[in-house]
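Each chain, letter by letter, is given below.
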Protein chains: 2
Amino acid sequence: MRVLYHTPLHPGCRKVRLQLQEKSLAFELKTEQTWQRREGFLRLNPAGEVPVLVEDSAVIAEAPVISEFLEEAYPEIDLLGTDAFERAETRRLVWWFDAKFHEEVTRNLVDEKILKRLMRSGNPDSQAIRCGHANIGYHLAYIAWLCDRRTWLAGDSFSLADIAAAAQLSAVDYLGDVPWEDVPGAKDWYARVKSRPSMRGILAENIPGFPPPDHYADLDF
Amino acid sequence: MRVLYHTPLHPGCRKVRLQLQEKSLAFELKTEQTWQRREGFLRLNPAGEVPVLVEDSAVIAEAPVISEFLEEAYPEIDLLGTDAFERAETRRLVWWFDAKFHEEVTRNLVDEKILKRLMRSGNPDSQAIRCGHANIGYHLAYIAWLCDRRTWLAGDSFSLADIAAAAQLSAVDYLGDVPWEDVPGAKDWYARVKSRPSMRGILAENIPGFPPPDHYADLDF
């Protein structure tokens, strides 16, 4: 059986979950509270980070590594594109959301508002939160700009770029911190993403003590 | 003609340069001082970051995206490995050096000691420098541990993992900040890397006002 170790709201874990679902690959989800540094988990990944995928007896850690592995091992449902240039464009956007959006938005909002409390590692930094709110608008505008020119973020087909963006945005949306009404083009894209069966597990997530806002799981938000 | 925009000492640029050389792909190298935010360069990559590869009329930005593109477009000389699990192991180590080593070592030493002066963006942070020196030992020990079990970092063949590690370590070595004598196994690995023709350009690099130590380009260091 394929097992994915994850932490709720973690965008890298959400990305791999969505990718597994889109590729119709069955898996068991195990929650790992990485900050507890459980010995059995550290034996799997000495870096102590999620996501970790265990498949046959192989252990694959780190979201970007797992993503490339899944595309190579299971090419039947392709989420990158057909030629090298198309795939480079998909990966450019994956990198944009994994690195840039994460650094400028998700880290400032999700990590500050929820992760710090779960880990009991200090108080939210209000300046970081202000930065996160200021930055998210540019990213939503970029999504709308891309969708004005393309069906999905990287081109004609739903791809790992849409998955990477949805992984970040769904985590921020769990806090109710995405100003969807300000950017209709981005909202329309996210409505299409939300209606995909692969999103069900993520939209059903509920962290004890931190319930999501009503619109979080609502397909007609 | 293929053009690579780079900044001297930038590990992501060094990684792509080494990869192009190892794959015997000709390219012209253009130096970009990204902090000057030159308009012609921003048109190529609005994020304003190096490396940027221009090939035919396609523009490919960000080191991890360029690396995957080169492996897909030019598979004749393969730097990832043959099966999906082998490739996952190579990518795990690439990620280790690109992200973890960079964050814990290179950023604390190269960015603080040289980049800040070139960019005129403040004084070196002595606490960061102390962290960089403290962290590098663990990474050298890890390289030695891997080379005790394998010919090269990811397995029997020289791979993108060795390139990613050399890209980071050569930049730190330019400052004379790698304690090679403390970890003979890592020194032996780097001596083998240094003797490869692909390293010539990087070992010949010389930043005006910041000459490297004598051993930097010496194959018998």
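The name an unreviewed UniProt entry gives chain A is Glutathione S-transferase family protein, with Rhodovibrio salinarum as the organism. According to the UniProt record, the Subunit (unreviewed entry) comment for chain A is "Homodimer."

A separate point is the sheet that holds strand E4 (residues 58-61) of chain B. All names here are of chain B. Strand order in the open sheet formed by 4 strands is E2-E1-E3-E4, with mixed pairing between adjacent strands. With partners counted over all chains shown, the strands left at the sheet margins are strand E2 (28-31) and E4, one partner each. When the angles between neighbouring strand axes are averaged without regard to direction, this sheet yields 20°. Sitting on the sheet, helix H1 (residues 11-22) touches strand E1 (3-6), E2 and strand E3 (52-55), and the angle it makes with E1 is about 155°. Of the strands in this sheet, E3 and E4 touch helix H3 (residues 63-73), which is tilted by about 125° from E4.

Here we come to the UniProt feature "domain: GST C-terminal" (unreviewed entry) in chain A. Those residues carrying the UniProt feature "domain: GST C-terminal" (unreviewed entry) are residues 83-215 of chain A in this numbering. Annotation note: span residues 83-215 of chain A, helix share 67%, strand share 0%, distance between end C-alpha atoms 38 Å.

Residue and element names in this part refer to chain B. Tracing the chain through its elements places Lys-194 in helix H7 (residues 184-194). We note that Lys-194 is buried and unpaired, the nearest opposite charge coming from Asp-173 at a distance of 4.3 Å. A polar contact is formed between the side chain of Lys-194 and the backbone oxygen of His-215, at a distance of 3.0 Å. Those residues within four positions of Lys-194 in sequence are excluded, and the remaining contacts are Asp-173, Met-199, Leu-203, His-215, Tyr-216, Ala-217, Asp-218, Leu-219 and Phe-221.

To continue, consider the environment of Ala171(B). Residues and elements named next belong to chain B. Counting through the fold element by element, Ala-171 comes out in helix H6 (residues 160-173). Taking relative accessible area as the criterion, Ala-171 reaches 0% and is therefore assigned buried. When the C-alpha atoms of Ala-171 and Leu-203 are compared, they prove to be 9.8 Å apart, with 32 residues separating the residues in sequence. Residues in contact with Ala-171, not counting those within four places in the same chain, are Leu-9, Arg-14 and Val-110.

Turning our eyes to something else, we now look at the domain arrangement of chain A. Residues and elements named next belong to chain A. Under the domain assignment, chain A is made up of domain 1 (3-73) and domain 2 (84-217). Each of domain 1 and domain 2 has a C-alpha centre, and these two points are 19 Å apart. Counting from both sides, the interface comprises 14 residues of domain 1 and, opposite them, 28 residues of domain 2. Summing both partners gives a buried area of about 1900 Å² for domain 1 against domain 2, and 66% of it is carried by carbon and sulfur. When residues of domain 1 are sorted by the area they lose upon contact with domain 2, Leu-9, Arg-14 and Leu-18 head the list and together hold 36% of the total. Across the domain 1-domain 2 interface, the total number found is 5 salt bridges. Taking the shortest distance from any N to any O, the salt bridge between Arg-196 and Glu-22 comes out at 2.8 Å.

Residues and elements named next belong to chain B. Applying the stated rule across the entire model yields 22 aromatic pairs over all chains. When the centroid spacing of 5.1 Å and the interplanar angle of 75° are considered together, the rings of Tyr-174 and Tyr-216 count as edge-to-face. Of this pair, Tyr-174 sits in the loop between H6 and H7 while Tyr-216 is found in the segment after helix H8 (200-203), placing the two residues 42 residues apart along the sequence. Plain terms: the ring middles of Trp-189 and Tyr-190 are 6.0 Å apart, the flat faces sit at 35° to each other, and that makes the pair tilted. Just as Trp-189 is buried, Tyr-190 falls in that class too. Its end group placed over the ring of Phe-221, Lys-194 keeps NZ or CZ at 3.9 Å from the ring centre.

Conventions used here
- Residues numbered from 1 in each chain as written.
- Chains lettered and ligands numbered in written order.
- Predicted model: local features only at pLDDT ≥ 70, side-chain atom pairs only at ≥ 80, totals over all residues.
- Heavy atoms only, no water.
- UniProt positions renumbered as here; feature names shortened; annotations may be inferred.
- Pairing = 2+ DSSP bridges.
- Helix = DSSP H or I, 4+ residues; strand = E, 2+ residues; numbered from the N terminus.
- Axes fitted to C-alpha atoms, helices over the stretch in contact; angles between N-to-C directions.
- Contact = heavy atoms within 4.5 Å.
- Buried < 20%, exposed > 50% of the residue type's maximum accessible area, 1.4 Å probe, protein only.
- Lys, Arg positive; Asp, Glu negative; His and termini not counted.
- Salt bridge = Lys/Arg side-chain N within 4 Å of Asp/Glu carboxyl O.
- Polar contact = N/O pair within 3.5 Å; in protein donor to acceptor, adjacent residues only side chain to side chain.
- Domains from an automatic or database assignment.
- Buried area = accessible area lost by both parts, 1.4 Å probe.
- Phe/Tyr/Trp six-rings, centres within 6.5 Å; stacked < 30°, edge-to-face > 60°.
- Lys NZ or Arg CZ within 6 Å of the ring centre and 35° of its normal.

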